[in-house]
Amino acid sequence: MAINFITILFFLPLLAININAQGPMTYDITKYGAKSGGDISQALMDAWKEACNSTSPSTIVIPRGTWSLSQVKLLGPNKAPLELQVQGTLQANPGQLPNKEGEWITINYVNYFTLSGGGVFDGRGQEAWKQNDCHKNKNCAKLPMNLSFNFVNNSIIRDVTTKDSKNFHVNCISSHNVTFLRFTVSAPGDSPNTDGIHLGRDTMINIKDSIIKTGDDCVSIGDESKEIHIQNVTCGPGHGISVGSLGGYAEEKDVQGIYVTNCTFIGTTNGVRVKTWPSAPATLTVSDLHFEDLIMDNVSSPIIIDQEYCPHNLCKKDRPSSIKISNVSIKNVRGTTNTAEAVTFICSGLKPCENVEVGDIDLTYNGNQGPITTKCANVKPKFVGKQNPPVCATTAKSA
């Protein structure tokens, strides 16, 4: 059949209608009853449920402004790509949440999910920090995290800020191929237990071009984590970027493929750190750790492997760690330290560290407590390039 110009003109409007029908769907929470000054939890959950059931790509919008959010648990699966666009500031209740065992905002079982919008998640944690005694009380009251991601795959969290969480700012657990891009964490340096991003049982997690200022680890990496890439992150204040602590539980599984590159540490209490508990039941392996192209700006303890990690004397040191650390590269680390001990490798007497390569270290001590030093036990590093100070020039005794 011949198709003439008039036939094309007839079908063009029908084609446009069909294209629009398959286009992105927008769900503005104000259309679901959200009002400024009121709790938007139910409106957000209603919009989420409808967007999850859509077979077209969908965007949930929280507009500009300040919104109160008591607590939400947002569950998948979603049937099509889904975006939560937070343009405004979400504020938590300063006191207890309705579900004391839950987190503030939980997002579970989603695929091809985006969290974006330039907004702020304000946990309002100042009052909770005053009551936090977890450093001395194992039965301390549970405090909620700002954002909890579980079983999230092929997703991106970008251009948002988490502020003043009562506990960890973010955890990302049992997830695959998730990127945190231009992600900001903001909390005072003395805010307790406020890890920026905590990872566990994850594969292929990327943290890029981000700024993390908090009172605990900027990034903490738990067991069964593989292919974790942390690149161009500025950390500080905080406790640095840590693998572990590991070994506290017998069922913990191996950690493999951790890459920390092109990162800057400003005034942190540690730089890059690996920490495992002594006298602990776990026997996992930690391998393929790469810490490269790092800047230390007035950092305490810039480089640490600590297999006698025992904060607040909460453990015994009668037996060495059963965790094996191997295939570690530490290269092109430069800057200043405010502690005389710039590099620490305290490895396990039972399972010494293997294949540790150290290259091009240039650290200057800006204090007055003696000459800059390093401390090593149960490790025989391979050296390339230059090391200032000389690494492992003397050997320490381990427990």
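Residues numbered from 1 in each chain as written. Predicted model: local features only at pLDDT ≥ 70, side-chain atom pairs only at ≥ 80, totals over all residues. Heavy atoms only, no water.

Here's the deal with the nonpolar core
Phase 1: Counting 90 residues, the largest nonpolar core has Ile 60, Leu 90, Phe 149, Phe 180, Ile 230 and Phe 345 as its most contacted members.
Phase 2: There are two domains that each give this core at least three residues, and those are domain 1 (25–130 + 142–163) and domain 2 (217–390).
Phase 3: In this structure, Phe 149 is in contact with Ile 107, Phe 113, Leu 115, Ile 157, Val 170, Asn 171, Cys 172, Ile 173, Ser 175 and Phe 180, ignoring residues within four places of it in sequence. (Core = buried A, V, L, I, M, F, W, Y, C linked by side-chain atoms within 4.5 Å. Buried < 20%, exposed > 50% of the residue type's maximum accessible area, 1.4 Å probe, protein only. Domains from an automatic or database assignment. Contact = heavy atoms within 4.5 Å.)

Let's talk about the UniProt feature "active site" (unreviewed entry) in the chain
Phase 1: Within the UniProt annotation, "active site" (unreviewed entry) is assigned to His 239.
Phase 2: Along the polypeptide, His 239 turns up in the loop between strand E18 (226–235) and strand E19 (241–246). (UniProt positions renumbered as here; feature names shortened; annotations may be inferred. Helix = DSSP H or I, 4+ residues; strand = E, 2+ residues; numbered from the N terminus.)

Overview of the pattern of salt bridges
Phase 1: Applying the stated criterion to the full structure yields ten salt bridges.
Phase 2: Close ionic contact of Arg 158 with Asp 159 constitutes a salt bridge, the shortest N to O distance being 3.3 Å.
Phase 3: Among the residues examined, Arg 158 registers a relative accessible area of 27% and is labelled partly exposed.
Phase 4: Exposure remark for Asp 159: the relative accessible area of 24% places this residue in the partly exposed category.
Phase 5: One salt-bridge network, in which partners are shared between bridges, spans Glu 83, Arg 158, Asp 159 and Arg 182. (Salt bridge = Lys/Arg side-chain N within 4 Å of Asp/Glu carboxyl O.)

Some remarks on the environment of Ala 128
Phase 1: Locating Ala 128 in the fold gives a position in helix H3 (residues 126–130).
Phase 2: Ignoring sequence-local partners within four residues, the contact set of Ala 128 consists of Leu 143 and Lys 166.

Quick notes on the pairing of strand E7 (residues 105–111)
Moving residue by residue along a regular strand, the side chains alternate between the two faces of the sheet.
Phase 1: By the criterion of burial, E7 is predominantly enclosed, with five of the seven residues buried.
Phase 2: As judged from the four bridges shared by strand E4 (residues 72–75) and E7, these two strands associate in the parallel manner. Bridge pairing in E7 places Lys 73 opposite Thr 106.
Phase 3: The pairing of E7 with strand E10 (residues 147–158) spans six bridges and is parallel. Bridging across to E10, Asn 108 finds its partner in Asn 150. (Pairing = 2+ DSSP bridges.)

Description of the side chain of Ser 175
Phase 1: Mapped onto the elements of the fold, Ser 175 is located in the loop between strand E12 (170–173) and strand E13 (176–181).
Phase 2: On the basis of relative accessible area, Ser 175 is assigned to the buried category, the value being 3%.
Phase 3: Here the side chain of Ser 175 touches Val 152 through a polar contact of 3.0 Å, landing on its backbone nitrogen.
Phase 4: Of note is the side chain of Ser 175, whose polar atom sits 3.0 Å from the backbone oxygen of Ile 173.
Phase 5: Leave out the neighbours within four places in its chain, and Ser 175 touches Phe 149, Asn 150, Phe 151, Val 152, Asn 153, Arg 201, Asp 202, Thr 203 and Ile 205. (Polar contact = N/O pair within 3.5 Å; in protein donor to acceptor, adjacent residues only side chain to side chain.)

Remarks on the domain arrangement of the chain
Phase 1: Taken as a whole, the chain is organised into domain 1 (25–130 + 142–163) and domain 2 (217–390).
Phase 2: If you average the C-alpha positions of domain 1 and of domain 2, the two centres end up 35 Å apart.

Here we look at the environment of Thr 179
Phase 1: Here Thr 179 shows up in strand E13.
Phase 2: Residues Thr 179 and Ser 155, 24 residues apart in the sequence, show an inter-C-alpha distance of 6.5 Å.
Phase 3: Excluding its chain neighbours within four sequence positions, the residues that come into contact with Thr 179 are Ser 155, Ile 156, Ile 157 and Asn 206.
Phase 4: Here Asn 206 takes part through its side chain, which lies 3.5 Å from a polar atom of the side chain of Thr 179.

Overview of helix H2 (residues 41–52)
The periodicity of an α-helix, 3.6 residues per turn, causes residues three or four positions apart to be oriented the same way.
Phase 1: Taking 1.5 Å as the rise per residue, H2 with twelve residues should run 16 Å; its terminal C-alpha atoms sit 16 Å apart, in good agreement.
Phase 2: Where H2 is buried, its residues contact strand E1 (25–28), strand E2 (58–62), E4, strand E5 (82–86), E7 and strand E8 (113–116). (Expected span 1.5 Å × (residues − 1).)

A look at the packing of aromatic side chains
Aromatic ring pairs: the centre-centre distance and the angle between the two ring planes describe each pair.
Phase 1: Per the stated rule, a full pass over the model turns up five aromatic pairs.
Phase 2: Ring centres of Tyr 109 and Phe 151 lie 4.8 Å apart, and the angle between their planes is 0°; this geometry places the pair in the stacked category. Here Tyr 109 is found in strand E7, whereas its partner Phe 151 is found in strand E10, with 42 residues between them in sequence.
Phase 3: Assessed through its relative accessible area of 37%, Phe 151 is described here as partly exposed.
Phase 4: Considering the side-chain rings of Trp 277 and Tyr 309, the 5.4 Å spacing of their centres and the 75° angle between planes classify their relative orientation as edge-to-face. Linking Trp 277 in the loop between strand E21 (272–276) and strand E22 (285–299) with Tyr 309 in the loop between strand E23 (303–306) and strand E24 (324–337), this pair joins segments that are 32 residues apart in sequence. (Phe/Tyr/Trp six-rings, centres within 6.5 Å; stacked < 30°, edge-to-face > 60°.)

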